[in-house]
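Observations on chain architecture
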Amino acid sequence: MNAKIYVQRIVVMDEEPARVVVRPERGALASAPPTTPPTSPPYHPDRLTGLALGAMEILLRDVRMDERARMGVVMGTVAGCLEVDREFDRSRRENARYASPAAFSRTLPSTVLAELALYIKLTGPSVALSNGDATFAFAVWRAARWVEAFDLPCCAAVYADHLGRGLRNPYTGEAIAAAEGSCFVQMWLLSRKTGGEELRLGEVSLTRFAGGTHAIG
Amino acid sequence: MANGKGGAILRERFRPVYVQSMAAVTPEYASADALWEAWISGGKEMRPRLPGAGAWGRLTGAAIEAALAGAGVEGRACSLILATTKGDIERQVAWMRGADAIGAEKLDWPVPTLSQALVQMIESHGFRPPCYTVSTACSSGIVALIEAALLVQSGDAEAVLALGADVAGDFVMDGFGALKAVTATRCRPFDRGRDGLMLGSGAAACVVSGRPAEVAIVGVGIANDATHMTAPDREAGGLIRAIAAALESAGLEAGAIDAIVAHGTGTKYNDAMEATAFSKIFGGRATITGIKGLIGHTLGASGLMESVMAMRMLREQVVPAVTGLQDPEMDNLNFVVNQMRPMKLRHVLKVASGFGGMNAAIVLKLEGAG
């Protein structure tokens, strides 16, 4: 597993302050980059999902439909569904017999991943993973490995988190400057096609990050 | 047979990765041996039971210790992949209620994320990098085994302990109750009278590496339905693609699969979807079994727990009966009913499907079986 992997596109969306960053800006993206994140689509109330769907649409703008159907998605998340868990827990505390089924069906770390698959028709392999401060680095690493292992046309490495008030500081790291309590999404599109930036993965290092987790060098 | 187009296809034939040890623990069964004995002897169908305080630590600790001991290695020789849907959810509930009461920033204990559960295991057993948590709803356990195999194949790890664990406490019970997915009677997978799942708790673990051993992982597949957030694809598209990818990566035709350990939750729609997939790919050829009538649905642990039982089937050359099945609704399929079935087994398929259309499949092989 030593083929070169290239980063074809990077999309960052932050909810507060609102921003969208797309790299590289070319073609249609350069002429009309969105300046604010899209609001949640009408069929869904979830802010993080809305942000992730918007980012994924931009990420995959140049990806053919047949490639979308076979591509992979590796999504990193730290807080996962913690905010939805709290919502469901409040509903069952009020009355366990009438706990919210709608909230419960979203109490999985893989919920956003499932929404992306459902609404963008991504039928290839996908996984949600978590590893503290190193979560997104791991997602990029696994996505790069998956391109080759599963012979994928491309694979999206995704970081998506809804960091509740009081949760932002321990997990944001240097790359995230958003207000606490807001949603944040970052996506990299990886493939073997030349033309993007070559991804240089170091050894899986022994570096210990805060909290005792590990990252790639 | 449906081919793998549209799903995951390994470019080259998957190189075998070997299972060095297998462990399984539930509140009712203290070891994989005890669970196996209960299954082949037609053990009692499960009755709902809460796992009790501290269950997460007890179950995961016991499964890790048993898997390491079985492989004759220490934690520092292995990487760790944890598969779970909710982790230590009862601890998380205590945190959430504290956060609601006084504010999250005033709590002086760490947010109980999935990473936090991983950190505790790394600190207590010394696992070596890479270590991470995977979550793909109820297919998580199989995905952990697949990731473990890929880490070994790529040389990113020499040995990996794949651990699947979940605890069905009040939070989970209330949730599935709200979805009205829980049986009022008993779990009866593939039965004409099935009326829902039974929740269970448990932890299962395997150490895998490149050192040849009795049982090998020879094929893997992951695919998504992309049809609904909670309901399975009635055409079984995702599961068919996952199975096709697993067969293709193993270099096998469907006829080479001797037995299948189904996901078999006992819900109307899951079992019908699985039956559709099995019927389309295998016809009535493969022998089918399932264990959730005995231990309940252990969620993120189930794929690994039931893979451990599939490995035991290969070793013992026996297919136990589908616990809870009396009157199969799909009479074109070859279910094992009432009595275990001794038979020659070389390849066993384990599948799982979860919320969000997440499907996974793994082909296990008995080495040296001709």
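The following paragraphs examine the structure supplied in this document. (Residues numbered from 1 in each chain as written. Chains lettered and ligands numbered in written order. Predicted model: local features only at pLDDT ≥ 70, side-chain atom pairs only at ≥ 80, totals over all residues. Heavy atoms only, no water.)

Focus on the pattern of salt bridges
What counts here: For this analysis, a salt bridge means a side-chain nitrogen from Lys or Arg found within 4 Å of a carboxyl oxygen belonging to Asp or Glu. Burial classification: accessible surface area is computed with a 1.4 Å probe over protein chains only, and a residue below 20% of its type maximum counts as buried, one above 50% as exposed, and the rest as partly exposed. A run of H or I in DSSP becomes a helix once it reaches four residues, and a run of E becomes a strand once it reaches two; helices and strands are each numbered from the N terminus.
Here the structure, examined in full by the defined rule, presents 29 salt bridges over all chains. When the shortest N-O distance is used, the salt bridge between R106 of chain A and E115 of chain A registers 2.4 Å. Of the residues examined, R106 of chain A reaches a relative accessible area of 13% and is grouped as buried. Taking the shortest distance from any N to any O, the salt bridge between R312 of chain B and D33 of chain B comes out at 2.5 Å. Within this pair, whereas R312 of chain B is found in helix α10 (residues 302-316), its partner D33 of chain B is found in helix α1 (residues 32-40), the two being separated by 279 residues in sequence. You can call R312 of chain B buried: its relative accessible area is 8%.

Thoughts on helix α8 (residues 268-282) of chain B
Threshold: Helix span, expected: 1.5 Å multiplied by one less than the number of residues in the helix.
Look at α8 of chain B: 21 Å from first C-alpha to last across 15 residues, which is about the 21 Å you get at 1.5 Å a residue. Those residues of α8 of chain B that fall on the buried side of the exposure criterion are N270, D271, M273, E274, A275, A277, F278, I281 and F282 of chain B.

A few points about the packing of helix α7 (residues 237-250) of chain B against α8 of chain B
Packed helix pairs are characterised by how far apart their axes lie and by the angle those axes make with each other. Residue and element names in this part refer to chain B. Condition: Think of each axis as a best-fit line through the C-alpha atoms, taken over the contacting stretch in the case of a helix, with angles from 0 to 180 degrees between the N-to-C directions. Working definition: roughly parallel below 35 degrees, roughly antiparallel above 145 degrees, roughly perpendicular at 65 to 115 degrees, and oblique for all remaining angles. Crossing handedness is defined as follows: a turn of the near helix away from the far one that is anticlockwise and smaller than a right angle gives a left-handed crossing, while the clockwise case is right-handed. Note on contacts: a residue pair qualifies if any of its non-hydrogen atoms lie within 4.5 Å across the two residues. All amino acids are sorted into three groups, where Ala, Val, Leu, Ile, Met, Phe, Trp, Tyr, Cys and Pro are nonpolar, Asp, Glu, Lys and Arg are charged, and the leftover types, Gly among them, are polar.
Relative to each other, α7 and α8 sit at 40°, their axes nearing to 9 Å. As the angle between them shows, α7 and α8 are arranged oblique. Two packed elements cross with a definite hand, and for α7 against α8 that hand is right-handed. Contacts between α7 and α8 pair L239, I240, I243 and L247 from the former with M273, E274, A277, F278, K280, I281 and F282 from the latter. For the contact of α7 with α8, a count of residues per class yields nine nonpolar, no polar and two charged.

Thoughts on the interface of chain A and chain B
Going by this rule: Put simply, buried area is how much 1.4 Å-probe accessible surface two parts lose in total, over both of them, once they are put together.
The interface is formed by 65 residues belonging to chain A together with 63 residues belonging to chain B. Across the interface of chain A and chain B, roughly 5,300 Å² is buried in total on both sides, 63% from carbon and sulfur atoms. Considering only the surface of chain A that becomes buried against chain B, R92, F104 and F150 of chain A emerge as the three largest contributors, covering 12% of it. In this assembly, chain A and chain B are joined by eight salt bridges.

Looking at the side chain of Q153 of chain B
Residue and element names in this part refer to chain B. Looking at where Q153 falls in the secondary structure, it is placed in helix α5 (residues 140-154). Judged by its relative accessible area of 13%, Q153 is buried. The residues touching Q153, leaving out its near neighbours within four places in the chain, are F14, R15, P16 and V17.

Examining the packing of aromatic side chains
Heads up, the rule is: Only the six-membered ring of Trp is used, alongside the rings of Phe and Tyr, when aromatic pairs are assigned; centres must lie within 6.5 Å, and planes under 30 degrees apart are stacked while those over 60 apart are edge-to-face, with the rest tilted. We call a charge positioned above a ring when the Lys NZ or Arg CZ atom is no farther than 6 Å from the ring centre and deviates by at most 35 degrees from the ring normal.
Tallied over the entire structure, the rule returns 14 aromatic pairs over all chains. On the numbers, 5.0 Å between centres and 75° between planes, the contact of F88 of chain A with F171 of chain B is edge-to-face. Taken together, the positions of F88 of chain A in helix α4 (residues 82-94) and F171 of chain B in helix α6 (residues 170-178) put the pair across two chains. In this pair, the class of F88 of chain A matches that of F171 of chain B, namely buried. A network of ring pairs unites the aromatic residues F88 and F104 of chain A together with F171, F176 and F355 of chain B as a single cluster. A cation over a ring is seen here: R142 of chain A above W141 of chain A, with NZ or CZ 4.8 Å from the ring centre.

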